[in-house]
Amino acid sequence: MVGMEPWECWEWRLLRAATELRGHGFQTCVLTNTWVDDTPWRSLTAALQEQLRSHFRLALESCRIGAATPDPAAFSRALEALRARPQEVIFLGELEENVVRARELGMATVLVRDAESALRDLQEITGIQLQVGAEALPEPIAPEEVAHGYVNIRPGVRLHFAELGRGPALCLCHGFPESWLAWRFQMLELARAGFRVIALEMKGYGESSAPSDIWEYSQEQICKDFITFLDKLGIPQVILVGHDWGGAMAWNVALFYPERLRGVAVLNTPFRPPDPDSDVLEKLGRIPEFEYQLYFQEPGVAEAELEKDIGRTLKILIRSSSPEDRLPFDLNFHRVRERGGLLVGFPEDPPVSRLLPPAVLHYYIQQFQKSGFRGPLNWYRNMRENWSWALSARGRTIPIPALMVTAGRDPVLKPGLSKGMERWIPRLQRGHIEDCGHWTQLERPRELNGILLQWLRQLPPPPFPANSKL
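These numbers come from a predicted model, not from an experiment. (Residues numbered from 1 in each chain as written. Predicted model: local features only at pLDDT ≥ 70, side-chain atom pairs only at ≥ 80, totals over all residues. Heavy atoms only, no water.)

Enquirer: Whenever I open this one, unusual backbone geometry confuses me. Can you help?
Expert: If a residue is not glycine, its phi is most likely negative; likewise, a peptide bond is most likely trans. A cis amide bond, omega 10°, links Thr69 with the succeeding residue Pro70. Residue placement: Pro70 occurs in the loop between helix H3 (62–65) and helix H4 (72–82). Note the cis peptide between Phe176 and Pro177, where omega equals -20°. Relative to the assigned elements, Pro177 resides in the loop between strand E8 (169–173) and helix H7 (187–192). Phi at Arg83 is positive, roughly 55°, even though this residue is not glycine. Structurally, the position occupied by Arg83 is in the loop between H4 and strand E4 (90–93). You can call Arg83 exposed: its relative accessible area is 80%. We note that Asp244 has phi near 60°; this positive angle belongs to a residue other than glycine. Inspection of the secondary structure puts Asp244 in the loop between strand E10 (238–243) and helix H9 (245–256). (Helix = DSSP H or I, 4+ residues; strand = E, 2+ residues; numbered from the N terminus. Buried < 20%, exposed > 50% of the residue type's maximum accessible area, 1.4 Å probe, protein only.)

Enquirer: What am I meant to see in the sheet that holds E8 here?
Expert: Hydrogen bonds between backbone groups are what pair the strands of a sheet, and the pairing can be parallel or antiparallel. Pairing within the open sheet is mixed, and its eight strands lie in the order E6-E7-E9-E8-E10-E11-E12-E13. At either end of the open sheet lies a strand with only one pairing partner, and these are strand E6 (147–154) and strand E13 (428–433). The mean angle between the axes of side-by-side strands here comes to 20°, regardless of whether they run parallel or antiparallel. One ladder, built from four bridges, connects E8 with E10; its direction is parallel. By the bridge assignment for E10, Leu170 is matched with Ile239. (Pairing = 2+ DSSP bridges. Axes fitted to C-alpha atoms, helices over the stretch in contact; angles between N-to-C directions.)

Enquirer: What is the right way to look at the environment of Val100 in this model?
Expert: In this structure, Val100 sits in helix H5 (residues 96–104). Counting along the chain gives ten residues from Val100 to Val110, while the straight-line C-alpha distance between them is 9.9 Å.

Enquirer: In this structure, what is going on with the packing of helix H13 (residues 310–317) against helix H15 (residues 358–371)? I would like to understand it.
Expert: Two packed helices can be described by the angle between their axes and the distance between those axes. Closest axis-to-axis distance for the H13/H15 pair is 10 Å, and the angle between their directions is 120°. Taken together, H13 and H15 sit at an angle that is classed as oblique. Like other packed secondary-structure pairs, H13 and H15 cross with a definite hand, here right-handed. Mapping the contact onto sequence places Ile310, Gly311, Leu314 and Lys315 in H13 and Leu361, Tyr364, Ile365, Phe368 and Gln369 in H15. Here the contact of H13 with H15 is built from residues that sort into six nonpolar, two polar and one charged. (Parallel < 35°, antiparallel > 145°, perpendicular 65-115°, else oblique. Left-handed = near helix turned anticlockwise from the far one by under 90°. Contact = heavy atoms within 4.5 Å. Nonpolar A, V, L, I, M, F, W, Y, C, P; charged D, E, K, R; others polar.)

Enquirer: I keep staring at the environment of Phe91 and nothing clicks. Help me out?
Expert: Within the fold, Phe91 resides in strand E4. C-alpha separation for the pair Phe91 and Cys29, spaced 62 residues apart in sequence, amounts to 9.6 Å.

Enquirer: What exactly am I supposed to notice about the pattern of salt bridges here?
Expert: Scanning the entire structure with this criterion turns up 23 salt bridges. A salt bridge links Glu220 to Lys224; the shortest N-O distance between them is 3.5 Å. A residue pair is termed a helical-turn pair when its members lie 3 or 4 positions apart in one helix, as Glu220 and Lys224 do in helix H8 (residues 219–233) at four residues. Given the relative accessible area of 32%, Glu220 is considered partly exposed. With relative accessibility at 37%, the residue Lys224 sits in the partly exposed group. Notably, a salt bridge pairs Glu324 with Arg354, separated by 3.8 Å at the nearest N-O pair. Of this pair, Glu324 sits in the loop between H13 and helix H14 (336–339) while Arg354 sits in the loop between H14 and H15; the two residues are 30 residues apart in sequence, bridging distant segments of the chain. (Salt bridge = Lys/Arg side-chain N within 4 Å of Asp/Glu carboxyl O.)

Enquirer: Explain a positive patch on the surface to me, please; I cannot follow it from the model alone.
Expert: Together, Arg272, Lys283, Arg286 and Arg423 make up a region of like positive charge exposed at the surface. Among the structural elements, Arg272 can be located in the loop between strand E11 (261–267) and helix H10 (280–285). (Patch = residues over 30% accessible without salt bridge, like charges linked within 9 Å, V, L, I, M, F, W, Y side chains within 5 Å. Areas by Shrake-Rupley, 256 points an atom, 1.4 Å probe, with all protein chains shown as cover. Lys, Arg positive; Asp, Glu negative; His and termini not counted. Charge placed at Lys NZ, Arg CZ, Asp CG, Glu CD.)

Enquirer: Whenever I open this one, the confidence of the model for the chain confuses me. Can you help?
Expert: Regions with low pLDDT should not have their predicted coordinates read in detail. In this model, the chain carries a mean pLDDT of 88, and residues with pLDDT of at least 70 account for 90%. Segment residues 1–9: pLDDT under 50, and 51 contacts once partners within four positions in sequence are set aside and those in other chains are kept. Contacts from residues 466–470, a stretch scored under 50 in pLDDT, to residues over four places away or in other chains number 18 contacts. (pLDDT = per-residue confidence, 0-100.)

Enquirer: Where do I start with the packing of aromatic side chains in this structure?
Expert: In this description, a pair of aromatic rings is defined by centroid distance and the angle of the planes. Applying the stated criterion across every chain yields a total of 17 aromatic pairs. Arranged with centres 4.6 Å apart and planes meeting at 15°, the rings of Phe368 and Phe373 form a pair that is stacked. Residue class for Phe368 comes out buried when judged on its relative accessible area of 2%. Exposure remark for Phe373: the relative accessible area of 0% places this residue in the buried category. Grouping aromatic residues by their ring pairs yields a cluster made of Phe176, Tyr205, Trp245, Tyr292, Tyr295, Phe296, Phe368, Phe373, Trp379 and Tyr380. (Phe/Tyr/Trp six-rings, centres within 6.5 Å; stacked < 30°, edge-to-face > 60°.)

What follows is the structure in C-alpha cells.
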C-alpha cells in the first residue's frame with residue numbers, strides 16, 4: 001500500500017490503519033511532495049516526518065527522489081522501493097489527479113475524502129477488518145528488520161534465530177506448524193522494554209537443520225541442543241517463553257535445567273508430570289481431541305498430506321477463533337484416521353487467514369519449502385521416549401518464577417488442562433485471554449504483550465552480565 005501527500009491532512013485513524021496493515025504483512029509507504037526546508041519552521045517539518053516514519057515502512061520525499069506526484073517517475077520510485085508491481089499496490093490520496101494517475105498505472109485506488117469512507121474502502125479491498133482504536137495491533141517486525149544468526153550445535157545440526165534489542169536475554173520458542181515470525185508482534189515491544197529478544201527457529205523448521213532421524217526431536221535431545229545453543233552464545237541464563245511444542249520444551253528446560261532460566265512463561269501448553277501407570281499413546285487414543293497425534297505417528301503419511309499444498313495447509317490450520325475467519329468446514333481433530341486425513345473436507349483454495357496475511361503466508365510457505373514437514377511431525381513421534389525421560393524427574397518440581405497463559409477458545413489445549421499446576425510449580429502466576437484460540441501471539445497480541453510485560457517486570461534482576469557473548 002502506498003500512502004500519499006498532502007501528508008499534513010492524514011488523520012490519526014488512517015495512520016493507525018497503516019500500522020495495522022503492516023501487522024498483516026503489507027509493505028507501507030508514504031509518498032510526500034515536500035522540499036528541503038531551511039525555514040524557521042523546519043523543526044515542525046522534521047517532527048511530522050518522524051511521525052510518518054513511525055507508522056509507515058518507508059517515507060519518500062519528492063525532494064529526495066527527484067520527482068513529485070502526479071509525475072509517473074514519482075510512482076516508479078515508490079514501486080522500486082517497495083519492490084512491487086502496480087497491480088500489487090493500493091494507493092490512497094486526497095488529490096484526485098494523483099489518484100487518477102495511480103489508477104492509470106494499474107493500482108487499486110482510494111480517494112480520501114474522509115477517514116470513515118477511506119477506511120471502509122480499504123477494508124473492502126484488503127479483506128481485513130481494521131481495528132483503529134484502542135484494540136489496534138502492536139507494531140510488528142518483518143524478517144528484514146531484525147538481525148539473523150546461526151549456531152552450529154554439533155555436526156548436522158544448526159539452529160537459526162532472529163534477534164532484536166539489548167539487555168537480559170529472552171528467548172521465544174514457537175510450536176507446530178509455525179515459524180520464528182509467529183512472534184512478530186512481540187519482538188519489538190519486548191526489545192523496547194529492555195530485553196535482548198531471540199526468536200528461535202526450532203529444529204526441523206525453515207533455516208534451522210531438519211535431520212531425518214526421529215530421535216533428534218525427542219524432548220531430551222531438543223533440550224540438550226537448547227542448552228548448547230545458550231552455551232555457544234555465551235548466555236548463562238535466559239528468560240524462556242514458549243507456545244505449543246515450544247511451550248513443552250520450555251517446561252522441560254525448567255524441569256531439568258532450572259539453573260539456566262531466570263523465568264519460564266508458556267502459552268496454552270500445560271505442564272503435567274507423566275503418569276507411570278498409563279502408556280502415553282494408549283492414553284492419547286482415549287482423548288478424542290488428541291487423536292490427530294496418532295495420525296501423525298506413521299512417517300510419510302501426514303507429510304504427504306501437509307506438503308501437497310503448503311499454502312492450503314497453513315491457511316486451514318492457522319486461523320483465528322473469530323467467526324469472520326471460520327471456514328465452512330470446522331477443523332475437527334476427532335477420527336482423523338477414519339476420515340483419511342487431517343485436512344479432508346476443507347476447500348481446495350481456502351480464503352486467506354486473518355492471522356497469515358499474504359506477505360506473511362508467503363514467508364511461511366518459503367520456510368516450509370526449505371524444511372518440509374518431516375522434522376516438525378517428528379516432534380510428535382517421540383511420545384514414549386518423552387514419557388520415559390519425564391519419568392526420570394518424577395517427584396521434582398519447577399522452582400523458578402513461571403507464568404501460564406491460557407486461551408478460552410483453544411480447541412485442544414483447553415484451560416482446564418492446566419488445573420492444579422501450582423502443585424508442581426509453586427511460583428506459578430497465571431494469565432488468561434478468554435476470547436482467544438490456539439494462536440495466542442497472533443490472535444490477541446496486545447493482551448498477551450500486556451500479560452508478559454507485567455510478569456517480566458516482577459522478575460528478580462539477572463545475577464549475571466546481561467549481554468555476555470563469546
